[in-house]
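The lines below spell out each chain.
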Amino acid sequence: MLTFADVIEALCNVRPDWAKQVITEAVIDSRQAIPGCLFVALPGQQVDGHDFVGQAFERGAHLALVQRDLSAQFRVLDVRQGVLPDAGSTLEVPFCIRVNDSLAALQKIARFWRRKLSLRVIGVTGSVGKSTTKELAAEVLDQRYRTLKNPGNLNNEIGLPLTLLSLSEGHERAVLEMGFYVPGEIAFLCDLALPQVGVITNVGTVHAERAGSQEEIARGKAELVQALPPAPEGVAILNYDDAWVRNMAALTQAQVFFYGLDPRADLWADHVEGLGLEGIRFRLHYQREVLHLRVPLIGRHSVHAALRATAVGLVEGLTWQEIVNGLRSQHAQLRLVAVRTESGALILDDTYNASPESTLAALNLLGEIEGRRVAVLGDMLELGRYEKQGHEMVGVRAAEVVDELITVGERAHMIAAAARQAGLPAQAISEYEEVQQVIDRLKDRLREADVVLIKGSHGMRMDRIAAALEVRS
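Read on for an overview of the structure. (Residues numbered from 1 in each chain as written. Predicted model: local features only at pLDDT ≥ 70, side-chain atom pairs only at ≥ 80, totals over all residues. Heavy atoms only, no water.)

### Points about helix H10 (residues 303-315)
- The terminal C-alpha atoms of H10, which comprises 13 residues, lie 18 Å apart, in line with the 18 Å expected from a rise of 1.5 Å per residue.
- Burial analysis of H10 places twelve of its 13 residues in the buried class, the great majority of the element.
- Among the residues of H10, Val303, His304, Ala305, Ala306, Leu307, Arg308, Ala309, Thr310, Ala311, Val312, Gly313 and Leu314 are the ones counted as buried.
- Positive backbone phi, at 85°, marks glycine 317, one or two positions downstream of H10. (Helix = DSSP H or I, 4+ residues; strand = E, 2+ residues; numbered from the N terminus. Expected span 1.5 Å × (residues − 1). Buried < 20%, exposed > 50% of the residue type's maximum accessible area, 1.4 Å probe, protein only.)

### Digging into unusual backbone geometry
- Note the cis peptide between valine 93 and proline 94, where omega equals 0°.
- Mapped onto the secondary structure, proline 94 falls in the loop between strand S4 (76-78) and strand S5 (95-98).
- Here the bond from alanine 231 into proline 232 is cis, since omega is 5°, no more than 30 degrees from zero.
- Note that proline 232 resides in the loop between helix H8 (214-227) and strand S10 (235-239).
- The phi angle at leucine 194 is positive, at roughly 50°, despite the residue not being glycine.

### Examining the packing of aromatic side chains
- Scanning the model with the defined rule gives five aromatic pairs in all.
- Aromatic pair phenylalanine 4 and phenylalanine 95: ring centres 6.0 Å apart, planes at 85°, arrangement edge-to-face. Of the two residues, phenylalanine 4 sits in helix H1 (residues 4-12) while phenylalanine 95 sits in strand S5, which places them 91 residues apart along the sequence. This pair shows no difference in class: phenylalanine 4 is buried, exactly as phenylalanine 95 is.
- Cluster of aromatic residues (ring-pair linked, three or more members): Phe257, Tyr286 and Trp320.
- Sitting over the face of the ring of tyrosine 145, arginine 173 holds its NZ or CZ atom 3.8 Å from the ring centroid.
- Its guanidinium or amino end placed over the ring of tyrosine 240, arginine 246 lies 5.0 Å from that ring's centre, counting from NZ or CZ. (Phe/Tyr/Trp six-rings, centres within 6.5 Å; stacked < 30°, edge-to-face > 60°. Lys NZ or Arg CZ within 6 Å of the ring centre and 35° of its normal.)

### Re the packing of H1 against helix H3 (residues 102-116)
- For the pair H1 and H3, interaxial distance at closest approach is 9 Å and the crossing angle is 110°. If you check the angle between H1 and H3, you find them roughly perpendicular. At the point where H1 passes H3, the crossing takes the right-handed sense. Where H1 approaches H3, its residues Asp6, Val7, Glu9, Ala10 and Leu11 are matched on the opposing element by Ala105, Lys108, Ile109, Phe112, Trp113 and Lys116.
- The residue inventory of the contact of H1 with H3, partitioned by class, reads seven nonpolar, no polar and four charged. (Axes fitted to C-alpha atoms, helices over the stretch in contact; angles between N-to-C directions. Parallel < 35°, antiparallel > 145°, perpendicular 65-115°, else oblique. Left-handed = near helix turned anticlockwise from the far one by under 90°. Contact = heavy atoms within 4.5 Å. Nonpolar A, V, L, I, M, F, W, Y, C, P; charged D, E, K, R; others polar.)

Everything listed here is a matter of geometry and, on its own, says nothing about what the molecule does.
And the structure:
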């Protein structure tokens, strides 16, 4: 387990004999502080963690990383010069460790701690499907190895170091999702985590507003495979069906393992059948083996997540039985939640976030389910130059699938216009600016035979629609 001595050695390059206390975990939210934890006070535009150091200590935190003076309120060990003061051995918990930059200090400690541990790390990135892949791969690996994964979406320069500090000597594998917004970010995360295996899901248009073109997004994702060690230790698991990802094979020294729906991939699937909310069925091919599988993942597109998790299992030496047991876990289905309204209508709540790729996949799922199909689609944000193209693609597909289309937001007008152009009758399309207007429209109109997909970018707060319509037990 991480100890005071590890924190001080990471920051001061000296390991004190007196600092033997164990740190239970690291947090940045004082409300999540538990006895023995490390609280990292991060300054922010809206909230400054330094204002909550006292609350963290009241909840049992033993240490706090701070970067500004908190007057004489707390005992402080000042290591801003990279030197451990003699007073350190006399301090009693709780106390603060004063650094120049609390986020940089957190990252430095995480980098140090990762290098003390002997385990294999699987990094996962891509535009769509990262979280489901992370969850499913962790379920597979957990059939044999003690495996850690980053909880929720703790996949950035703050969340990933916090996850690394949760590692212990007993962990044998870690599956770490890595988010991407700007070039160099994944390279930085890889420097912290040292992945030996890299999984790339796809290259889409999500975050294009910040990252730029698809070419630039592809270069950013490729930082993962470029950071891997050479074969045989390093393995790049790449999507053969996505040309952007397939071409990354030339950028890595690691062994390349292709997956996809193309028979030229090392691991491939065919006969993919969507069973609606009952999961998917498909045939899996690897070398001379063929397996017929049914797994509880929703939507035909989920076959790619199953292939990625299978590839991770094969690379890490698991048996087919272990892999299949992991794939059939009921814990890995994320994001989309199926709930009922008071009238019995089925709500497909996929409101966590939205990109053209994930919205098309959600519409494909809607098309697999019997009933009167209604799609409530909101703005897809951060698409940059792909904004018009992305919304119009979704509108065309919606026209092929839905009986009724409801849009929310300014950008979503492009979805409605494309759907009309593609042949969806004008009377089947409603356009609104506010979430509450949609709630008011649907509240008493839905019937038992209706199936309603709700999807939009997180900033649109489409989750409020699903929450208002769901029946409360």
